[in-house]
Amino acid sequence: MFAFERMAGELWAHGAPEALVERCRVAADDERRHAELTTLAARRYGVEPLLPAPHARPLPTLLELARENTVEGCVRETWGALSAALQARTAQDPELAALYASIAPDELAHAELSWDIHDWLAERTDAEQLAQLAQLAHAELVAEHTDP
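All values reported here derive from a predicted model rather than from experimental measurement.

### Section: the pattern of salt bridges
Okay, step 1: By the definition in use, this model includes 16 salt bridges.
Okay, step 2: A salt bridge links E22 to R25, with the shortest nitrogen-to-oxygen separation between them at 3.6 Å. Taken together, the residues span about one helical turn, with E22 and R25 both in helix α2 (residues 18-44) at a distance of three residues.
Okay, step 3: The partly exposed category is assigned to E22, whose relative accessible area is 39%.
Okay, step 4: Owing to a relative accessible area of 37%, R25 belongs among the partly exposed residues under this scheme.

Below is the structure:
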């Protein structure tokens, strides 16, 4: 949730279209709801989750923003959407299946938002930087989503 709130402010500061900024705000609201729902589910299983805290940072450059969006948005949000959809179909606990079914469409919307942010940033990025972003996305997929 904090990441989308921060992204909204950073995109606004860099002159992004209001539609992208507003979609980040909506995504932050979605993530707040997800945190509430998953906290309740965790507690049902006797676990008290640790929630992240917001942290301030200087305004990133467009390239820094593009790198973060590549990893956190394009790769991880897309992977999260796929994962939530799979969990919705395969969870043995019907309440967890319903939870994931409610989250999966939001995660897909967040992934789409990330790719739309990527497109906006790509218009402000040169060919060499775009190639570096593609390599970064590939490396993230390999590092995070393969068996050791």
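### Quick notes on the nonpolar core
Okay, step 1: Counting residues in each nonpolar core, the largest one holds 17 residues, and the members touching the most others are L11, C24, L113 and I117.
Okay, step 2: At the level of secondary structure, the elements contributing two or more residues to this core comprise α1 (2-13), α2, α3 (62-90) and α4 (94-122).
Okay, step 3: Top element by residues in this core is α2. It accounts for five residues.
Okay, step 4: Setting aside residues no more than four positions away along its own chain, L113 makes contact with F4, L20, R23, C24 and A27.
Okay, step 5: Counting residues in each nonpolar core, the second largest holds five residues, with A84, L99, I103 and A104 among its members.

Rules used throughout
Residues numbered from 1 in each chain as written. Predicted model: local features only at pLDDT ≥ 70, side-chain atom pairs only at ≥ 80, totals over all residues. Heavy atoms only, no water. Salt bridge = Lys/Arg side-chain N within 4 Å of Asp/Glu carboxyl O. Helix = DSSP H or I, 4+ residues; strand = E, 2+ residues; numbered from the N terminus. Buried < 20%, exposed > 50% of the residue type's maximum accessible area, 1.4 Å probe, protein only. Core = buried A, V, L, I, M, F, W, Y, C linked by side-chain atoms within 4.5 Å. Contact = heavy atoms within 4.5 Å.

Bear in mind that shape data such as this cannot, by itself, settle questions of function.
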